[in-house]
Amino acid sequence: MVIGDVSIEPGQRCYVDLPLPPLYTHTSVAMPVHVIHGKQPGPVLFVTAAIHGDEINGIEIIRRLLATRSLSRIAGTLIAVPVVNVYGFVSQSRYLPDRRDLNRSFPGSEQGSMAARLADTLMSEIVAKCTHGIDLHTAAEGRANLPQIRVDLDAHPDLLELAEAFAPPILLDSHTRDGTLRSAAGKLPLLLYEAGEALRFDELAIRAGLKGVLRVMRHLNMLPASKSDEKKSKPWLANNSVWMRAPQSGILRSRIPLGGIVEEGVVLGYISDPFGEAEQAVVSDVSGVLIGITKLPLVHEGEALYHVATTASTKSAARAVDEFRLEYEQPLIKRLK
């Protein structure tokens, strides 16, 4: 296994700094990579975080992943990149210094823009050498996402088994957007994990992400089976999702929490002016699960407020969310008491 100018032999574990374009202050910049090359052959899995520089939950997931003792018995190779967009991470920004979105710049180009060059480095040095991938994300700033895996089952029907192994409460079957890492990965099996919000640690999202990555590694036979008889909850598969938008500008008061079950026609929240004189309800057009929500109550007309994964029957969706909460929220509540 060769990454950059570093050769990693079977049984070795090491750090690699991939050089990136320096700052205009002549300060060097590098993408940190941690490689665990197992003694036994097996899949080569990359786990990436902070493609958007302000999405930091994935960084903590990777830190905990690298501290997991069972990695000493790994078969195959784990390539962990905790901070892809180093520039955005340093400035606590989603974007690169040239204001481009890195996750709209793949597969990139060696001779292109700053974003294109960074994308090309990740593709050529990491993705091209792997057999599987997991990309860790959160919602954009000011929003929060319920833990979920996004896959394009039309293009990659074989991903369903891998996504179910991760065992999130929700699987969202969504088409791949051009310019994303998912799109550039092509036929390589890649899971996109969305959970939590930008610039905030969400303990539930982190725990679910760590456990999901380890479950995928066990599914791929990269790690030995768990000693405990682990019973995974079966995720609920959603084939569509809709954003409910603000009917007027004002101050939002939400009524339904993240992960809440939504019926068509239910009031999700109210928007009023600062004096409470002009008030209007935000009504759901569909039934489903609330998988994304705005966290900032100050909204403008037309702004996306509530992201609902749709379903004709909410029973199976409610069961999946309840089982997820039972697995992760209850132990967390007990620990905090």
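Every value quoted in this text rests on a predicted model; they were computed, and no experiment measured them.

*Asks:* Break down the overall build of the protein for me, with residues and values.
*Replies:* A count of helices and strands for the protein gives seven helices and 19 strands. A globule of 337 residues ought to have a C-alpha radius of gyration of about 20 Å, and the protein, at 21 Å, matches this closely. Taken along the three principal axes of its C-alpha coordinates, the protein extends 65 × 55 × 45 Å. Residue burial in the protein is summarised as follows: out of 337 residues, 54% are buried. Once local pairs closer than 6 in sequence are excluded, the contacts in the protein between residues at least 24 apart make up 70%. Roughly 15800 Å² of accessible area belongs to the protein as shown, and the carbon and sulfur atoms make up 51% of that amount. Both charge centroids of the protein, one from 36 positive and one from 38 negative side chains, sit 8 Å from each other.

*Asks:* Explain the sheet that holds strand β18 (residues 298-299) residue by residue, including any values.
*Replies:* Sheet architecture is open: four strands sit in the order β16-β15-β13-β18, paired in antiparallel fashion. The open sheet has two free edges, formed respectively by β16 (279-283) and β18, since each of these has just one partner strand.

*Asks:* Give me the nonpolar core: which residues, what numbers.
*Replies:* Counting residues in each nonpolar core, the largest one holds 76 residues, and the members touching the most others are L78, I126, L191 and M217. Here the element with the most residues in this core is helix α6 (residues 203-219); it accounts for nine residues. Beyond its immediate stretch of four places on either side in the chain, I126 contacts I3, L18, V33, F46, I79, V81 and T121. Listed in part, the 16 residues of the second largest apolar core include A246, V262, I293 and V308.

*Asks:* Which residues make up the packing of aromatic side chains, and what values do they have?
*Replies:* By the definition in use, this model includes two aromatic pairs. Taking the centre distance of 5.1 Å and the plane angle of 35° together, the rings of F166 and Y193 count as tilted. With F166 in helix α4 (residues 159-166) and Y193 in strand β10 (residues 190-196), the pair connects residues that are 27 residues apart, well separated along the chain. The pair formed by F166 and Y193 is uniform in burial state, with each residue classed as buried. With a centroid separation of 4.9 Å and 45° between ring planes, the pair formed by F324 and Y328 is classed as tilted. Of this pair, F324 and Y328 both sit in helix α7 (residues 315-336), separated by four residues, roughly a single helical turn.

*Asks:* Give me a nonpolar patch on the surface: which residues, what numbers.
*Replies:* Taken together, I251, L296 and L298 make up a surface patch of nonpolar side chains, about 260 Å² in accessible area. Inspection of the secondary structure puts L298 in strand β18. For L298, a relative accessible area of 54% puts it in the exposed group.

*Asks:* Tell me what's going on with the packing of α4 against α6, and back it up with residues and numbers.
*Replies:* Direction vectors running N to C along α4 and α6 enclose 130°, while the axes themselves pass 7 Å from each other. One element, α4, and the other, α6, form an angle in the oblique class. Counting all contacts with α4, which are made through E161, L162, A165 and F166, the residues of α6 involved are A208, G209, G212, V213, R215, V216 and H219.

*Asks:* Tell me about α6, and please be specific about residues and values.
*Replies:* An ideal rise of 1.5 Å per residue puts 24 Å on 17 residues; α6 measures up with 24 Å between its terminal C-alpha atoms. Across the 17 residues of α6, 12 count as buried, placing the element largely inside the fold. Along α6, the residues that are buried comprise L204, A205, I206, A208, G209, L210, G212, V213, L214, R215, V216 and M217. The distance from a side-chain oxygen at the start of α6 to the backbone nitrogen of L204 is 3.1 Å, and the residue carrying that oxygen is D202.

What counts and what doesn't
- Here the residue numbering is sequential within each chain, running from 1 through the sequence in written order.
- Only residues with pLDDT of at least 70 get local features here, since the model is predicted, and only at 80 or more are side-chain atom pairs given and counted; chain-wide, interface and lining totals rely on the full set of residues.
- Water and hydrogen atoms play no part in the side-chain values, which are based on all heavy atoms of the structure.
- Counting from the N terminus, the helices are the DSSP runs of H or I reaching at least four residues and the strands are the DSSP runs of E reaching at least two.
- C-alpha atoms define the radius of gyration, and 2.2 Å times the number of residues to the power 0.38 defines the globule rule.
- Burial status follows relative accessibility: with a 1.4 Å probe on protein chains alone, a residue under 20% of its type maximum counts as buried, one over 50% as exposed, and anything between as partly exposed.
- The criterion used for residue contact is that any of the two residues' heavy atoms lie within 4.5 Å.
- Every accessible area reported is derived by Shrake-Rupley at a probe size of 1.4 Å, with residue values counting cover from the shown protein chains alone.
- Residues scored as charged are limited to Lys and Arg (positive) and Asp and Glu (negative), so that His and the chain ends carry no count.
- Note on charges: their place is set at NZ of Lys, CZ of Arg, CG of Asp or CD of Glu.
- Note on pairing: DSSP must find at least two bridges between two strands before they are called paired.
- Residues grouped as a nonpolar core are buried Ala, Val, Leu, Ile, Met, Phe, Trp, Tyr and Cys residues, joined through side-chain atoms within 4.5 Å.
- Paired rings are identified among Phe, Tyr and Trp, the last through its six-membered ring, by centres lying within 6.5 Å, and are further divided according to the angle between planes into stacked (under 30 degrees), edge-to-face (over 60) and tilted (the rest).
- In this scheme, patches are assembled from residues that exceed 30% relative accessible area and form no salt bridge. Like charges are connected within 9 Å, while nonpolar side chains (Val, Leu, Ile, Met, Phe, Trp, Tyr) are connected within 5 Å.
- Whenever a carboxyl oxygen of Asp or Glu lies within 4 Å of a side-chain nitrogen of Lys or Arg, that contact is scored as a salt bridge.
- Each axis is a line fitted through C-alpha atoms, taken for helices only over the stretch in contact, and angles between the N-to-C directions span 0 to 180 degrees.
- Working rule for angles: under 35 degrees goes down as roughly parallel, over 145 as roughly antiparallel, 65 to 115 as roughly perpendicular, anything else as oblique.
- How far a helix is expected to stretch is found by multiplying one less than its residue total by 1.5 Å.
- As used in this structure description, the phrase polar contact means that two N or O atoms lie within 3.5 Å; if the pair is within protein, one of them must be able to donate a hydrogen and the other to accept it, and residues adjacent in sequence are counted only when both atoms belong to side chains.

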